[in-house]
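Here is how the chains run, residue by residue.
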Amino acid sequence: MALTVIATVTPAATPAATPAAAATRTTIVVAADGSGDHATVQDAVNAVPPGNTRPVTILVRKGTYRQQVVIPADKPHITLAGDTRDPREVVLTYDVSASTPKPEGSGTYGTSGSASYVISAPDFTARNLTFENAYDEAANGDSQAVAVRTTGDRQVYDNVRFLGNQDTLYANTASATTTARQYFHNCYVEGDVDFIFGRATAVFDRCVIKALNRGSTDDNGYVTAASTELSNPYGFLIHRSHLTSDAPARTYHLGRPWPAGGSATARGQVLVRESWLGQQFKDAPWTDMSGLSWRDARLSEYRNHGPGATVGDDRPQLTTEQARAFTPERYLAGTDGWNPVRRPTPAPRNEPGREVLPRDDGWAAATTGTTGGSAARPEDVHVVRTRAELLAALGDPADNTPRIVYVKGAVDADTDASGAPLTCDDYAVNGYSLPAYLAAYDPAVWGRDTVPSGPLEEARKASYARMAEHVTITVGSNVTLIGAGRDAALKSFGVRVSNADNVIVRNLTITDTSDCFPQWDPTDGAEGNWNASFDNVEVSGSTHVWLDHNTLNDGDNPDSGQPLHFGRPFQVHDGLLDVVRGSNYVTLSWNHLSGHDKVTLIGNTDNPARYGEEDKLKVTLHHNHFESLGQRTPRVRFGQVHVYNNYYKGGPGHGYSIGVGFGSKVYAEANAFDGIAAEKVLTVFNGTAITAKDNLVDGAPADVVAAYNAANGTLLGTDAGWTPALVGRRHPAQALRYVVPAGAGAGRLR
């Protein structure tokens, strides 16, 4: 095969090492600028003697190396490593496809020949680098274009990226009668059609596997195309990985069985287990290929989760007993007991973004637990200081690639692209102004029987929409949004966790989410009310969400400082932290919420059919500091909500603390209420019962249900009908007035 070499920097001439010299070398350095032993990877491989018996490291310095490379079977014990932990900084690439004509005119490259790298050596390791096939499909048409073709046994790929489109990673064997075991750990693989394919026994352990969006509304591609021979019980195992995409829902297949070369004995074996599956997967995710029915292959799943992990007749599932035979160790052991499997290590103390929700820590620990962006690769870890950087780091919410976003310092939503401050006037459109609005809808002019309508009300709605588009940030699936340091803050942002799964928000002060354009509603109550529409944080239609050690308030713009219009407070804030629209498995812990009226709704409708919430809205609140608040801490509809070890401090304007709403099942235990009368702890909104025990009011045990019933002449029941099972660390209620204020809120992570 002719080799074309184009380095990023023209290398200076360097003498090539002889095989004899290489035999004495344990490290060979490749540098495009001529500062190493060789300027190309192939030259370094050539310097390793055939039959090599000792470990040799080929260390590749930062740069892009464009070359087709072959690492032959007679050169074992090579480690190919980037000299940085960031694999983006060492890129090994080429750009031919199966349909590309060969330069000498002997035909096209074909699928196997298109590989940028062919790695046949056994006992090979690659780490901290990127393999790429840069063939341009958009310019040249769809075609197979392999980044790496592997055929060697006992190969390890650690912290490696594989980039391409169709047929990115060809995990193969030397022949149909041989086996080859390959372990991919903490890797990233992207592509669209059959982009992990071949005969090998390959384990993808804690990897990110991204299916690219080809723009189809129906069929965007296939993740796997295994051609495992029937004689081999182990083909591809995708284990505790994230299968992500920004493709539309139900447009991808998990895979199809490939009868390689027309083999009559190839029956692809693929197991996807304990992995997160995005919305991109079809409900029937396996399909046929080349006349081979997927049902005749060995395609299955086990304990997957995420929006794409449905279970049905077209999705074979292993039993627990069966799954014991299909672990990474079993796949790779062979006859020699090979075991390269890496065990996960705890998150370093200097990487709080990789911390996950502890086991049993409330409802968010249910089923699969909540890990947020802890699996983020280095390229998906961001530090942001401005609104523009924050938006770029969060990216498109439809893209569920794991990411960690550290907020450094205070970031203000009310700024333009250059960082200049914005005011309410900058959001106003279509002639809206508050004086004009007040004049048009003054009850003396408009009356009190109907809500505002007409040009100025439409202008208000349009102005609100413009502001909402600017200040709202949406946090997608598999994201950790976390403050870096004690002063991390999001000012004037509305944080939305919307239709997402597996989200963590921690260590942030989220303040003054104010609405410049509240609506006047003269029919709201006896005197009418101004209603704002922004929440500091809203969890909507989402699952497995952990909000921890955050501070939420109105900052220096409290509603108490607003004027009266039409004799009613001009309210510019709505909720502080709402959990609504069928959200489920949420833990709210160690947050400090203060100086606000309407605090937390859990469930936003009494209609059981609207969001199907009767078995949702499972939320835990523990060790939160509720200080000088009006109401809704929380107000609950439907949900099984566990409220324990929270500290409540009363203040002016307090109405009630816990609202027992329609269908709610609240279990409130071991909370402490200071400055709040026992009969004001609860109120009822069409609810029927609450379990409340071991609570303190002003330091003394109190039966808050009995106190409410006595004050209101009601018969609120005392059994919510369930007992919490997921309970983390507890404190005695007597200690809460000291423990919680000292530990809750942003800047107090330990």
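Right above here is the structure, for reference.
Presented here is a report on the structure given in the accompanying data block. (Residues numbered from 1 in each chain as written. Predicted model: local features only at pLDDT ≥ 70, side-chain atom pairs only at ≥ 80, totals over all residues. Heavy atoms only, no water.)

Positionally, Ser594 belongs in strand 41 (residues 592-598). Overall, Ser594 belongs to the buried group, its relative accessible area being 14%. Sequence spacing of Ser594 and Phe626 is 32 residues, and the spatial spacing of their C-alpha atoms is 6.0 Å. Among residues more than four places away in sequence, those in contact with Ser594 are Leu552, Asn553, Leu576, Glu627, Ser628 and Leu629. (Helix = DSSP H or I, 4+ residues; strand = E, 2+ residues; numbered from the N terminus. Buried < 20%, exposed > 50% of the residue type's maximum accessible area, 1.4 Å probe, protein only. Contact = heavy atoms within 4.5 Å.)

Within this structure, the stated rule accounts for 34 salt bridges. The partner of Asp153 in a salt bridge is Arg181, with the nearest N and O atoms 2.9 Å apart. Taken together, the positions of Asp153 in the loop between strand 10 (148-150) and strand 11 (155-163) and Arg181 in strand 13 (residues 181-185) put the pair 28 residues apart, joining distant regions of the chain. Take Asp153 and Arg181: they sit in the same class, and that class is buried. Across the pair Arg343 and Glu329 runs a salt bridge, and its minimum N-O distance is 2.0 Å. Highlighted residues: Arg343 in the loop between helix 6 (328-333) and strand 25 (381-384) and Glu329 in helix 6, separated in sequence by 14 residues. By relative accessible area, Arg343 is classed as exposed at 55%. With relative accessibility at 22%, the residue Glu329 sits in the partly exposed group. Among the ionic contacts, a cluster of salt bridges with common partners joins Asp123, Asp153, Arg154, Arg181 and Asp336. (Salt bridge = Lys/Arg side-chain N within 4 Å of Asp/Glu carboxyl O.)

As a further point, take the sheet that holds strand 8 (residues 117-119). Spatial ordering of the open sheet is given by 5-8-10-12-15-18-21, a layout of seven strands whose pairing is parallel. What marks the edges here is a single partner per strand, and that holds for strand 5 (69-71) and strand 21 (252-255). Neighbour to neighbour, the strand axes of the sheet diverge by 10° on average, direction disregarded. Taken together, the three bridges between strand 5 and strand 8 define a ladder with parallel strand orientation. Pairing of Val70 across the sheet is with Val118, part of strand 8. (Pairing = 2+ DSSP bridges. Axes fitted to C-alpha atoms, helices over the stretch in contact; angles between N-to-C directions.)

Looking now at the state of the cysteines. Counted by the stated rule, this structure contains one disulfide. Between the sulfur atoms of Cys424 and its disulfide mate Cys516 the distance is 2.0 Å. Between Cys424 and Cys516 the disulfide shows an S-S torsion of about -70°. By sign, it is left-handed. Of this pair, Cys424 sits in helix 8 (residues 424-427) while Cys516 sits in the loop between strand 31 (509-511) and strand 32 (519-521); the two residues are 92 residues apart in sequence, bridging distant segments of the chain. On the accessibility criterion, Cys516 (15% relative accessible area) is buried. In this model Cys187 remains outside any disulfide bridge; the closest cysteine sulfur is found in Cys207, 4.6 Å from its own. According to the relative accessible area criterion, Cys187 is buried, its value standing at 0%. (Disulfide = S-S within 2.5 Å.)

Glancing now at unusual backbone geometry. As a rule of thumb, non-glycine residues mostly have phi less than zero, and peptide bonds are mostly trans rather than cis. The peptide bond linking Thr633 to Pro634 adopts the cis configuration, its omega dihedral lying at -5°. The topology assignment puts Pro634 in the loop between strand 44 (625-631) and strand 45 (635-636). Despite not being glycine, Ser628 shows a phi value in the positive range, around 55°. Within the secondary structure layout, Ser628 lies in strand 44.

As a further point, take the packing of aromatic side chains. One pass over the structure, following the stated rule, counts 31 aromatic pairs. For the pair Phe162 and Phe184, a centre-to-centre distance of 5.7 Å together with 70° between the ring planes defines the contact as edge-to-face. Of this pair, Phe162 sits in strand 11 while Phe184 sits in strand 13, and the two are 22 residues apart along the sequence. Across the pair, exposure class does not vary: Phe162 and Phe184 are buried alike. Members of the aromatic cluster, joined through ring pairs, are Tyr432, Tyr437, Tyr441, Trp446, Phe517, Trp520, Trp530, Phe566 and Phe570. Taking NZ or CZ as reference, Arg256 lies 3.8 Å from the ring centre of Tyr222, over its face. Arg635 extends its terminal NZ or CZ atom over the ring of Phe685, reaching a point 3.8 Å from the ring centre. (Phe/Tyr/Trp six-rings, centres within 6.5 Å; stacked < 30°, edge-to-face > 60°. Lys NZ or Arg CZ within 6 Å of the ring centre and 35° of its normal.)

Turning our attention to the pairing of strand 7 (residues 90-94). In the case of a regular strand, side chains alternate between the two sheet surfaces. Where burial is concerned, most of strand 7 is hidden: five out of the five residues are buried. Along strand 7, one buried face is formed by Val90, Leu92 and Tyr94 and the opposite face, lined by Val91 and Thr93, is buried too. Both strand 4 (residues 63-66) and strand 7 contribute to a ladder of four bridges, which runs parallel. When the bridges of strand 7 are listed, Gly63 appears paired with Val90. The sheet contact formed by strand 7 and strand 9 (residues 125-133) spans four bridges and is parallel. Following the sheet pairing, Leu92 is matched in strand 9 by Phe131.

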